[in-house]
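Letter by letter, the chains look like this.
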Amino acid sequence: GENVEQHPSTLSVQEGDSAVIKCTYSDSASNYFPWYKQELGKRPQLIIDIRSNVGEKKDQRIAVTLNKTAKHFSLHITETQPEDSAVYFCAASWTRGGNKLVFGAGTILRVKS
Amino acid sequence: DTEVTQTPKHLVMGMTNKKSLKCEQHMGHRAMYWYKQKAKKPPELMFVYSYEKLSINESVPSRFSPECPNSSLLNLHLHALQPEDSALYLCASSRDSFGTGDTSNSPLHFGNGTRLTVT
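First, a word on what this report is: a plain description of the structure on this page.

What counts, and at which threshold
- Residues numbered from 1 in each chain as written.
- Chains lettered and ligands numbered in written order.
- Predicted model: local features only at pLDDT ≥ 70, side-chain atom pairs only at ≥ 80, totals over all residues.
- Heavy atoms only, no water.
- Helix = DSSP H or I, 4+ residues; strand = E, 2+ residues; numbered from the N terminus.
- Buried < 20%, exposed > 50% of the residue type's maximum accessible area, 1.4 Å probe, protein only.
- Salt bridge = Lys/Arg side-chain N within 4 Å of Asp/Glu carboxyl O.
- 1 Å grid on protein atoms, 1.4 Å probe; cavity = no way out; pocket = protein on both sides within 12 Å on 5 of 7 lines; lining within 4 Å.
- Points joined across faces, edges and corners; volume = space filled by probe spheres on them.
- Nonpolar A, V, L, I, M, F, W, Y, C, P; charged D, E, K, R; others polar.
- Pairing = 2+ DSSP bridges.
- Axes fitted to C-alpha atoms, helices over the stretch in contact; angles between N-to-C directions.

Looking now at unusual backbone geometry. Going from His-7 of chain A to Pro-8 of chain A, the amide bond is cis rather than trans, its omega being -5 degrees. Note that the residue after Thr-7 of chain B, namely Pro-8 of chain B, is joined by a cis bond; omega there is -10 degrees. Topologically, Pro-8 of chain B is positioned in the loop between β1 (4–7) and β2 (10–13). Residues other than glycine seldom take positive phi values, yet Lys-40 of chain B does so here, at roughly 65 degrees. Here the phi dihedral of Tyr-51 of chain B falls at roughly 50 degrees; this positive angle occurs in a residue that is not glycine. Among the structural elements, Tyr-51 of chain B can be located in the loop between β5 (44–50) and β6 (53–57). Since its relative accessible area comes to 42%, Tyr-51 of chain B is described here as partly exposed.

In structure tokens form, the structure reads like this:
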């Protein structure tokens, strides 16, 4: 089945700096790659997603890039703020088993003010 | 505010109890999901319903029994659980499980979850 690896597991940055989280996936048939943010005790919330026919997508301070050849995708957060502190999960949509999302292990992002 | 509503928010049950988790959405989504999430781990898929029919069961033990009475409701019936089943149970919905002609997928909308403790 699909396997998604996510790095780093923890990331500490200074407020105002950029943060980058990277994921790789194993199945070339995967075609949808969302990113979720989960604050402590809360539900995962979609922050951005990208489909396999697009190489890059941006939404204000957040951007995602996708390299289909290398099978990796990345989340970029610029001008980080303390409220960006959370756990971030990448995911890949695996269509061979009936369209299901496979999540990465998560990255704990801490933004220090 | 969340568009996927889960009840109860918290549940404590003994190993011999029978309880049910409930999930409701009114976004017209035709795919609904149950996920289990342990502390500091990603959500793990348990079941997927598409158009009210069970389409994926991730080899979940039979002490968990899903039910989809209609396109807006999803239940998870619990019986004879073990302490290791304690977790956050998340319901989610999406616009379509099988996507469009290019097999693309649509985002999952998660509920706030039910925090289950099995004693």
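Pairing between side chains of opposite charge can happen when the charged atoms of each approach one another. For the structure shown, the criterion picks out five salt bridges over all chains. A salt bridge links Lys-57 of chain A to Asp-49 of chain A; the shortest N-O distance between them is 2.9 Å. Overall, Lys-57 of chain A belongs to the partly exposed group, its relative accessible area being 36%. For Asp-49 of chain A, a relative accessible area of 12% translates into the label buried. Of the charged contacts, one joins Asp-85 of chain B and Arg-63 of chain B as a salt bridge, the two residues approaching to 2.8 Å between their closest N and O atoms. Taken together, the residues span a long stretch of sequence, with Asp-85 of chain B in the loop between β8 (73–79) and β9 (87–94) and Arg-63 of chain B in the loop between β6 and β7 (64–70) at a distance of 22 residues. You can call Asp-85 of chain B buried: its relative accessible area is 2%. Judged by relative accessible area, which is 24%, Arg-63 of chain B ranks as partly exposed.

What the largest pocket holds in volume is close to 500 Å³. Around the largest pocket, the lining comprises 21 residues; the ones closest to its centre are Gln-38, Leu-40 and Val-87 of chain A together with Ala-39 and Lys-40 of chain B. Contributing elements (two or more residues each) for the lining of the largest pocket: β9 (86–94) and β11 (107–112) of chain A. Here the residues of the lining of the largest pocket sort into nine nonpolar, five polar and seven charged.

Here the focus is the sheet that holds β1 of chain B. Residue and element names in this part refer to chain B. If you walk across this open sheet you meet the four strands as β1-β3-β8-β7, and the pairing is antiparallel. This sheet does not close on itself; its edge strands, each paired only once, are β1 and β7. Across this sheet, the average inter-strand angle for adjacent strands is 20 degrees, counted without regard to direction. Two strands pair when backbone bridges link them, and β7 and β8 are joined in this way by five bridges, in the antiparallel orientation. When the sheet's bridge partners are listed, Asn-70 is paired in β8 with Leu-73.

This brings us to empty space enclosed by the protein. Residue and element names in this part refer to chain B. As enumerated under the stated definition, the model contains two cavities of 30 Å³ or more in all. Within this model, the second largest cavity holds a volume of roughly 30 Å³. For the lining of the second largest cavity, the elements supplying multiple residues, two or more each, are β4 (31–37) and β7.

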